[in-house]
Each structure stands twice: as structure tokens, then as C-alpha cells.
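Close look at the chain arrangement
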Amino acid sequence: MGKVVFKRSEGLSKKEFSYCPGCTHGIIHRLVAEVIEELGIIDKTIGISPVGCSVMNYEFFNCDMQQAAHGRAPAVATGIKRVRPDNIVFSYQGDGDLASIGTAEIIHAAHRSENITVIFVNNAIYGMTGGQMAPTTLIGQKTTTSPYGREEKHAGKPIKMSELLATIPGASFIERVSVHDPAHVRKAKKAIKKAFEVQVEGKGFSLVELISTCPVNWGKTPQDALNWAKENMIPYYPLGNFRTPEEDGKND
Ligand SMILES: Cc1ncc(C[n+]2csc(CCOP(=O)(O)OP(=O)(O)O)c2C)c(N)n1
Ligand code: SF4
């Protein structure tokens, strides 16, 4: 029998993903699942599902999950973690969810340094509801609500959540990664693992922002969407670590 080089992570259920072809939500799910499997915490992990294309991720992750209303995942995660401090709690949120309706919740969870991990999927658009402009939509990017391209005059510049959150004293670990090619997928997994480890060690609020794609609402093929993310999103949303527990206090 041949050597097994790849298998479905124990952190995922057997349910098939419901995402569009080429959508990178699936890659990000796999990475989170592999991390909780490798850390041996599947049985004590509780995930919080957002509102957005990943709304039904409670069917995909093989751990306990709780659905939260739009943007409220950090508040729900806070409540669960406070009453069950021995569990590992993560929220999984899109940019519409986290950087628009849930701005207050994410800022205050970081501010209180809640010992939770946030997986923040930035695809520069509202995916689920048909491709409206998000706070993260790039200048000039066409969406259903900015058909001539986002203009700074009316919509402001795209919000950089990782940079913003890194200025908050309570934030322990903040990193932005991308999943547009295999090398970056590997780096993304390292960042996710570190974020969960920070929580396991009780070091406070951790967040990983992942540059993701929405081929359908961007009107691109899966490959063109990966190239577009690399060429247009990364220059505006630079990859890298913005805060680690080791450097805690540098921005305070
Ligand atoms: C309180 C509330 N406001 C608005 C909506 C409608 N809504 C559902 S999903 C969504 C956008 C989600 O976009 P994003 O968070 O970027 O996730 P994606 O679908 O791109 O993964 C919106 C506005 C809702 N369900 N609940
Ligand atoms: S609409 Fe966009 S974000 Fe949603 S599943 Fe499809 S490609 Fe992914």
C-alpha cells in the first residue's frame, strides 16, 4: 500500500464544503482544523461561526461550535471563554462581519485582552450577500454598491484592522498572512498555530488576518483571483507580524 501523503484533518467533519470553486475559505478551514488536531485540542475547542459565507462552518469543523449574530462573535467567544476557561475558543469572521458591523466587539475584546483566538478572513468584499463594498474594499475596486470603483471621497480609505488592533495594549498576537500560493499557505498555518498557542499559554488576545479570495463576486477565475489578491491586496495590506507577546508593551 502506498504511503499516505495527505489526508483530511481530524479537525474537519466529513461534510463537503459549500464554498464556490476556488474560494479560499476552504484552505483556511483546513489550516485551522490541522492546527487544532496537531495541538491535540479538538475535544476542548469551541468555535464561533459568523454571518457570511462561512455561516455554516459549524457543519465543517469537528469541534463544538456556536453561531453568533453578525459581528458579535468576539462577544460570544468572550462569554464562553469566561465561563469555560479550560476550553480553547476561537471566532471565525469575514471582513464584513469583523470590520464593519462587529468593529466595536473586536476592538473591545482586544482591549480587554480576552484569551481567545480570532481567525479574520479578509476578501475585500461582502461575499454572501452578493458582493457589496466592505470597509476593506480597495480604492477603485468595483462592487455591486461601488459599480464605478470605490472612491475615497465617499467611502474613505480601506480599513487596516491588523494595524489598528496592534495599537491596542491588550492585543497579544496579531499577524497578517495570505493563502494565494503554497509557500504562503505554509506561513499562514504557522501563524494560526502560534495564535492558538498564545491562547493555550494564557497570554491573551490573538488574531490572524488572512488575505482570501472571492472569485465569484470579484468576477474572476480562481487562478486570476489568487493573482489579484497577490498583486492588489498585499501591497495595501502588507503581510507580517504586528504584535507578539514577547514584544508586549512596545505600543502601550
Ligand atoms: C445583523 C446582520 N446584518 C446584516 C446581515 C446580512 N449579511 C449576511 S452575510 C453579510 C456579509 C458577510 O460578508 P463577510 O463578513 O465579508 O463574509 P464573506 O461572505 O465575504 O465570507 C451580511 C451583510 C445579517 N445577516 N445580520
Ligand atoms: S461568494 Fe465569495 S466568499 Fe462566498 S463562497 Fe463564494 S467565492 Fe467564497
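Described below are features of the structure shown in this document. (Residues numbered from 1 in each chain as written. Chains lettered and ligands numbered in written order. Predicted model: local features only at pLDDT ≥ 70, side-chain atom pairs only at ≥ 80, totals over all residues. Heavy atoms only, no water.)

A short note on the site of ligand 1
- Ligand 1 sits among 16 residues. The nearest are His25, Cys53, Gly96, Asp97 and Gly127.
- One of the side-chain nitrogen or oxygen atoms of Asp95 is found 3.2 Å away from an oxygen atom of ligand 1.
- One of the backbone N or O atoms of Asp97 is found 2.8 Å from an oxygen atom in ligand 1.
- Burial of ligand 1 by the protein chains amounts to 75% of its free accessible area of 590 Å².
- No other element matches helix α3 (residues 95–101), which puts 4 residues into the shell around ligand 1. (Near = heavy atom within 4 Å. Polar contact = N/O pair within 3.5 Å; in protein donor to acceptor, adjacent residues only side chain to side chain. Areas by Shrake-Rupley, 256 points an atom, 1.4 Å probe, with all protein chains shown as cover. Helix = DSSP H or I, 4+ residues; strand = E, 2+ residues; numbered from the N terminus.)

Some details on the environment of Glu201
- The topology assignment puts Glu201 in the loop between α7 (182–200) and β6 (205–211).
- With relative accessibility at 47%, the residue Glu201 sits in the partly exposed group.
- As a C-alpha pair, Glu201 and Asn115 span 86 residues in sequence and 9.3 Å in three-dimensional space.
- Engagement of the side chain of Glu201 in a polar contact is seen with the side chain of Lys203, the distance being 2.9 Å. (Buried < 20%, exposed > 50% of the residue type's maximum accessible area, 1.4 Å probe, protein only.)

Considerations on the pattern of salt bridges
- For the coordinates displayed, the defined rule picks out 13 salt bridges.
- Linking Lys194 and Glu246 is a salt bridge whose minimum nitrogen-to-oxygen distance equals 3.3 Å. Of this pair, Lys194 sits in helix α7 while Glu246 sits in the segment after β7 (240–243), placing them 52 residues apart in sequence.
- On the basis of relative accessible area, Glu246 is assigned to the exposed category, the value being 56%.
- What you see here is one network of salt bridges that share partners, running through Arg30, Glu34, Glu38, Lys189 and Lys193. (Salt bridge = Lys/Arg side-chain N within 4 Å of Asp/Glu carboxyl O.)

Re the site of ligand 2
- Around ligand 2 sit Tyr19, Cys20, Cys23, Cys53, Asn123, Gly127, Cys214, Pro215 and Asn217, and that is every residue in its neighbourhood.
- In terms of residue class, the shell around ligand 2 is built from 6 nonpolar, 3 polar and no charged. (Nonpolar A, V, L, I, M, F, W, Y, C, P; charged D, E, K, R; others polar.)

As for the packing of helix α1 (residues 25–38) against α7
- Axis separation between α1 and α7 bottoms out at 9 Å; the angle between their running directions is 50°. What the angle tells us is that α1 and α7 run oblique. Seen from above, α1 lies across α7 with right-handed handedness. Here Ile27, Arg30, Leu31, Val32, Glu34, Val35, Ile36 and Glu38 of α1 lie close against α7, whose contacting residues are Val185, Ala188, Lys189, Ile192, Lys193 and Phe196. (Axes fitted to C-alpha atoms, helices over the stretch in contact; angles between N-to-C directions. Parallel < 35°, antiparallel > 145°, perpendicular 65-115°, else oblique. Left-handed = near helix turned anticlockwise from the far one by under 90°. Contact = heavy atoms within 4.5 Å.)

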